[in-house]
Amino acid sequence: MKARAVIFTGNSISHEDAKNVLRANYQPPVRRFQLEKFVQKGYKVIGIIDGIFFDRAAVGHREIMSALDAGVKVVGGASMGALRASELDTHGMIGVGKVYEWYRDGIIESDDEVAVSTNPETFDPISVPLVNIRETLRATFSTGIISEKEHNHLLELAINTYYQDRSYLGLVKEGIKKGLISEEKRKSILDFCTGNEVDVKREDAILVLETVKKLVEKA
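Here's what I pulled together on the structure shown here. (Residues numbered from 1 in each chain as written. Predicted model: local features only at pLDDT ≥ 70, side-chain atom pairs only at ≥ 80, totals over all residues. Heavy atoms only, no water.)

## Focus on the overall build of the chain
Part 1 of the argument: Counting its secondary structure elements, the chain contains ten helices and five strands.
Part 2 of the argument: Taking 219 residues into account, the globule formula puts the C-alpha radius of gyration at 17 Å, and the chain, at 18 Å, falls close to it.
Part 3 of the argument: In terms of overall dimensions, the chain has a C-alpha envelope of 60 × 35 × 30 Å along the principal axes.
Part 4 of the argument: Here the chain holds 219 residues, and 50% of them are scored as buried.
Part 5 of the argument: Across the chain, contacts joining residues at least 24 apart in sequence account for 63% of those joining residues at least 6 apart.
Part 6 of the argument: Total accessible area on the chain is roughly 11,100 Å²; 47% of this is exposed by carbon and sulfur atoms.
Part 7 of the argument: Taking the 30 positively charged and 32 negatively charged side chains of the chain as two groups, their mean positions are separated by 5 Å. (Helix = DSSP H or I, 4+ residues; strand = E, 2+ residues; numbered from the N terminus. Rg over C-alpha atoms; globule rule 2.2 N^0.38 Å. Buried < 20%, exposed > 50% of the residue type's maximum accessible area, 1.4 Å probe, protein only. Contact = heavy atoms within 4.5 Å. Areas by Shrake-Rupley, 256 points an atom, 1.4 Å probe, with all protein chains shown as cover. Lys, Arg positive; Asp, Glu negative; His and termini not counted. Charge placed at Lys NZ, Arg CZ, Asp CG, Glu CD.)

Have a look at this one:
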């Protein structure tokens, strides 16, 4: 009998898209005190992708460790899962993906790197996560659309923008307003960022699903 898996997501990848990768019990972004009931129900694999941040209680370290102590495999990546995995990998939590590695290695530290404003009904992100902006600006620089100086200025501007207000349109408009980039570059930068966004969180979310799938198949 295959192990049962539950996945907490909705922001980094939709439930509909996730089901194309793995058949599992999909739940909204995880919040505190939710894991125990799924452990009690007999789920052997838990995938944490998205979770509640800041104003509401986030999933706690102790409840993840309790699940691990009960023999449950817990996989994290992309968002809240990456953050918790970087903190608990030495206790047995499995971390996957670029965002997890960035947190683990101290390249990024703040929770707001992965936080987004979301539609409360669909969980779809309304703002752009900073980790995506980082990689997209890097790609914009690599193509020669912006200089290294412009890249650094725009990244600093994004870092200093409140997470709920982050967008490529807002970033470009504010960059022009502050004289960090020229008006002539508005269209080329915005077109590239919106048309070629490097969606790190989605890529990592798929890695979580693929990892959970392998664990389920082995059980």
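## So, the side chain of Glu150
Part 1 of the argument: Within the element layout of this structure, Glu150 appears in helix α7 (residues 148-159).
Part 2 of the argument: A distance of 2.8 Å separates the side chain of Glu150 from the backbone nitrogen of Ser147, its partner in a polar contact.
Part 3 of the argument: In contact with Glu150, other than residues within four places in its own chain, are Ile145, Leu180, Ile181 and Lys185. (Polar contact = N/O pair within 3.5 Å; in protein donor to acceptor, adjacent residues only side chain to side chain.)

## Section: unusual backbone geometry
Peptide bonds are trans in most cases, and residues, glycine excluded, mostly fall at negative phi.
Part 1 of the argument: For Phe33, which is not a glycine, the phi torsion comes out positive at approximately 70 degrees.
Part 2 of the argument: When you line up the elements, Phe33 lands in the loop between β2 (25-27) and α2 (35-40).

## Focus: the sheet that holds β2
Part 1 of the argument: Across the sheet, five strands lie side by side as β2-β1-β3-β4-β5; this open sheet has parallel pairing. Strands at the two margins of the open sheet, each flanked by one partner only, are β2 and β5 (94-95).
Part 2 of the argument: Examined bridge by bridge, strand β3 (residues 45-48) and strand β4 (residues 73-76) share four bridges and lie parallel to one another. Bridge pairing links Ile46 to Val74 in β4.
Part 3 of the argument: Each of β3, β4 and β5 touches helix α4 (residues 80-88); the most contacted strand, β4, lies at about 120 degrees to it. (Pairing = 2+ DSSP bridges. Axes fitted to C-alpha atoms, helices over the stretch in contact; angles between N-to-C directions.)

## Notes on the pairing of β4
Part 1 of the argument: As paired strands, β4 and β5 are joined by two bridges and run parallel to one another. Bridging from a neighbouring strand, Gly76 pairs with Gly95 of β5.
Part 2 of the argument: Taking the sense of rotation as the criterion, the β-α-β connection linking β4, α4 and β5 turns out right-handed. (Right-handed = clockwise from strand over helix to strand, strands pointing away.)

## A look at the packing of aromatic side chains
The geometry of two aromatic rings is summed up by the distance between their centres and the angle between their planes.
Part 1 of the argument: All told, the structure shown has three aromatic pairs when counted by the stated rule.
Part 2 of the argument: With a centroid separation of 5.6 Å and an interplanar angle of 85 degrees, the aromatic rings of Phe8 and Phe38 are classed as edge-to-face. Here Phe8, found in strand β1 (residues 5-8), pairs with Phe38, found in helix α2; they are 30 residues apart in sequence, far enough to count as distant.
Part 3 of the argument: Site record: aromatic cluster; members linked through ring pairs are Phe8, Phe38 and Tyr43.
Part 4 of the argument: When the ring centre of Tyr43 is taken as origin, the NZ or CZ atom of Arg4, which lies over that ring, is 4.1 Å away.
Part 5 of the argument: The ring of Phe38 carries the charged tip of Lys41 above its face, separated from the ring centre by 5.6 Å. (Phe/Tyr/Trp six-rings, centres within 6.5 Å; stacked < 30°, edge-to-face > 60°. Lys NZ or Arg CZ within 6 Å of the ring centre and 35° of its normal.)

## Brief notes about the side chain of Asn132
Part 1 of the argument: Mapped onto the fold, Asn132 is located in helix α6 (residues 130-142).
Part 2 of the argument: Contact partners of Asn132, with chain neighbours within four places excluded, come to Tyr168, Glu197, Val198, Asp199, Val200 and Lys201.

## What to know about α6
Part 1 of the argument: For α6, built from 13 residues, the straight-helix expectation of 18 Å at 1.5 Å per residue is met to within 8% by its first-to-last C-alpha distance of 18 Å.
Part 2 of the argument: Among the 13 residues in α6, ten count as buried, and that is most of the element.
Part 3 of the argument: What α6 keeps buried is the set Leu130, Val131, Asn132, Ile133, Arg134, Glu135, Thr136, Leu137, Ala139 and Thr140.
Part 4 of the argument: Those residues of α6 hidden inside the fold are in contact with α5 (98-104), α7, α8 (168-177), α9 (186-195) and α10 (200-218).
Part 5 of the argument: Gly144 lies just past α6 and shows a positive phi near 90 degrees. (Expected span 1.5 Å × (residues − 1).)

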